[in-house]
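Geometric and topological summary
The lines below spell out each chain.
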Amino acid sequence: MLAKRIIPCLDVDRGSVVKGINFVGIREVGDPVECAAEYDRQGADEIVFLDITATHEHRATMADVVRRTAKKVFVPLTVGGGIRTIDDFREILRAGADKVSINSAAVRDKTLVARAADKFGNQCVVVAIDARRNGSGGFNVVINGGRIDTGLDALAWAVEVESLGCGELLVTSMDADGTKNGFDKELTQAVSSRVKIPVIASGGGGSLAHFSELFEQTGADAALAASLFHYRELTVGEVKRYLNEKNIPVRLL
Amino acid sequence: MIAIIDYNAGNLFSVKNALDYLDIDNEVTGEAARLDRADALILPGVGAFPDAMRQLDKAGLVGEIRRQAKKKPLLGICLGMQLLFEKGYEFEECEGLGLIKGEVRKIDAGGLKIPHMGWNSLRFLNPCPLLDGVGEGSYTYFVHSYMACTGDENIAAYTEYHVRIPALVMNGGVYGAQYHPEKSSRIGLAMLKNFWRLAK
């Protein structure tokens, strides 16, 4: 049976791991390669690197982080943050990433999703959707770390990028992110019921029960968390053992 | 030395990284002379069946791989595993390497998501040296939309995804993993080590 995946996310700034609470108050904590290796030891099913500086000059730094990680960590690696062009995709995939996630760039230029899927295969192309409740019962797509509300309907956007060839969705609730009050199950379920591609839920995971409720009550295929794992409030292993007790299929070590 | 066969079909370097990490002497090459010198071969691959066969053909490697497979262990990974069979039906009917009896067809997932992507557990069918020290129920990492259709006698392990998907196949010294051992953490690395042991 296909396992539900637990995915730690490492926020990387100029080659070092940091974790911002709601994208401010960034604290520097360590070497991304070592952090990734530790997550692999804990049983992470996949590792996401999010390049939070993501300027053109720093792309080479990120590629180097990926290259060094791929020599030591043998689980799928996803890289996001500041990917804008097919050349960016190529550079990151060549460095050893298995998937590339795009966010603002997809909103600015939809054709990037289709072009990347065509060139590298759908399974490589992850679209990250940052969604925020809009006050009238729906969710809007926000970009630039939540600073810009695009006015786009997040659910319609999810369906559209799927049709463009995106292979997986990383859906972050900007309302829940950083709160540790639980995943936005309504958002996750609304997205996963509308698409056939896998959905990774992100934002708000703070306790063991948050993870089991997510998988029991929504069609999420995976859950992602950053600071929760980074500050060792929970380990990946603890989450998976708990899910296993709840009869949710997970890969145990 | 393990030769990782280079035929312009993507992601060779994750396999190389895994072998390097295990301190297994290896070389990425598309040269017949180097394949001949190798103790074992790995045929990786991502992409589509007909494309990959055309690339192999263009590189003059179809006959060479068939010849070498009689002399030394060969491990196909993902698309490389599918190429080991007689025929593929991805986009068009296409001849494969024919080293294992069977065909490659689209997964009938009965409404489950395609591609079959993620970690799935192995059920054992026949003993296989690559599974030494690997427990039944171990998870490996899959990403594929097509699957091998072959006789039980060729299947060492399968996984369940609506249908029974051959995960690890074999015929003599020819092995094929539908999953990515190089992305399957310790379990995958253990299998690559087992494969190297066969070569020596």
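What you see is a predicted model, and the numbers here were worked out from it, not measured in a lab.

Looking now at the pattern of salt bridges. All names here are of chain A. Enumeration according to the criterion identifies 31 salt bridges over all chains in this entry. Note that Glu38 and Arg232 form a salt bridge whose closest N and O atoms lie 2.7 Å from each other. Within this pair, whereas Glu38 is found in helix H1 (residues 32–42), its partner Arg232 is found in the loop between helix H9 (227–230) and helix H10 (236–245), the two being separated by 194 residues in sequence. Lys99 is the partner of Glu168 in a salt bridge, and the nearest nitrogen-oxygen pair spans 2.8 Å. On the criterion of sequence distance, the pair formed by Glu168 in strand S10 (residues 168–173) and Lys99 in strand S6 (residues 99–102) is long-range, its members being 69 residues apart. What makes Glu168 buried here is its relative accessible area of 1%. Assessed through its relative accessible area of 2%, Lys99 is described here as buried. What you see here is one network of salt bridges that share partners, running through Arg5, Glu46, Lys99 and Glu168.

Further remarks concern the sheet that holds strand S14 (residues 174–177) of chain B. Strand pairing in a sheet takes place through backbone hydrogen bonds and is either antiparallel or parallel in direction. Residues and elements named next belong to chain B. Read from one edge of the open sheet, eight strands run S2-S1-S3-S4-S14-S13-S12-S9, paired in mixed fashion. Where the open sheet ends on each side, the last strands, each with one partner, are strand S2 (26–29) and strand S9 (123–124). Together, strand S1 (2–5), strand S3 (40–43), strand S4 (74–77) and S14 form the strand contacts of helix H6 (residues 185–199), whose direction differs from that of S3 by roughly 145°.

Per-residue confidence for chain A gives a mean pLDDT of 92, with 94% of residues at or over 70. In this model, residues 20–28 of chain A is a region of pLDDT below 50 whose contacts with residues beyond four sequence positions or in other chains number 19 contacts.

As a further point, take the side chain of Thr78 of chain A. Structurally, Thr78 of chain A is set in strand S5 (residues 77–80). If sequence neighbours within four positions are ignored, Thr78 of chain A has contacts with Glu46, Ile47, Val48, Phe49, Lys99, Ser101 and Val126 of chain A.

A few words on the pairing of S5 of chain A. All names here are of chain A. Residues Leu77 and Val79 point to one face of S5 and Thr78 and Gly80 to the other, with burial holding for every one of them. Pairing between strand S4 (residues 47–51) and S5: four bridges, direction parallel. The residue of S5 that forms the bridge with Leu50 is Gly80. Bridging between S5 and S6 involves three bridges; their strand directions are parallel. Note on S6: the bridge partner recorded for Thr78 is Lys99. Handedness of the crossover joining S5 and S6 through helix H3 (residues 86–95): right-handed.

Moving on, we get to helix H7 (residues 185–192) of chain A. Side chains that are three or four residues apart share a direction in an α-helix, a result of its 3.6 residues per turn. Three or more residues of H7 of chain A are buried, namely Leu187, Thr188, Ala190, Val191 and Ser192 of chain A. As for H7 of chain A, its buried residues are in contact with strand S7 (125–133), strand S8 (139–143), helix H6 (154–164), S10, strand S11 (199–202) and helix H8 (208–217) of chain A.

In this complex, chain A contributes 29 residues to the contact, which on the side of chain B involves 23 residues. Where chain A abuts chain B, roughly 2200 Å² becomes buried across the two surfaces, and 55% of that area is made up of carbon and sulfur atoms. When residues of chain A are sorted by the area they lose upon contact with chain B, Leu2, Phe74 and Arg251 of chain A head the list and together hold 32% of the total. Taken together, the connections running from chain A to chain B amount to three salt bridges. The interface formed by chain A and chain B contains 13 residue pairs in polar contact (both at pLDDT 80 or more). Class assignment for the residues of the side of chain A that touches chain B results in 13 nonpolar, three polar and 13 charged.

This brings us to the sheet that holds strand S6 (residues 94–95) of chain B. Residues and elements named next belong to chain B. Strand order in the open sheet formed by four strands is S6-S5-S7-S11, with mixed pairing between adjacent strands. This sheet does not close on itself; its edge strands, each paired only once, are S6 and strand S11 (146–149). Relative to S11, strand S7 (residues 100–106) is paired through four bridges, and the arrangement is antiparallel. In the strand pairing of S11, Glu103 is matched with Cys149.

Rules behind the numbers
- Residues numbered from 1 in each chain as written.
- Chains lettered and ligands numbered in written order.
- Predicted model: local features only at pLDDT ≥ 70, side-chain atom pairs only at ≥ 80, totals over all residues.
- Heavy atoms only, no water.
- Salt bridge = Lys/Arg side-chain N within 4 Å of Asp/Glu carboxyl O.
- Helix = DSSP H or I, 4+ residues; strand = E, 2+ residues; numbered from the N terminus.
- Buried < 20%, exposed > 50% of the residue type's maximum accessible area, 1.4 Å probe, protein only.
- Pairing = 2+ DSSP bridges.
- Contact = heavy atoms within 4.5 Å.
- Axes fitted to C-alpha atoms, helices over the stretch in contact; angles between N-to-C directions.
- pLDDT = per-residue confidence, 0-100.
- Right-handed = clockwise from strand over helix to strand, strands pointing away.
- Buried area = accessible area lost by both parts, 1.4 Å probe.
- Polar contact = N/O pair within 3.5 Å; in protein donor to acceptor, adjacent residues only side chain to side chain.
- Nonpolar A, V, L, I, M, F, W, Y, C, P; charged D, E, K, R; others polar.

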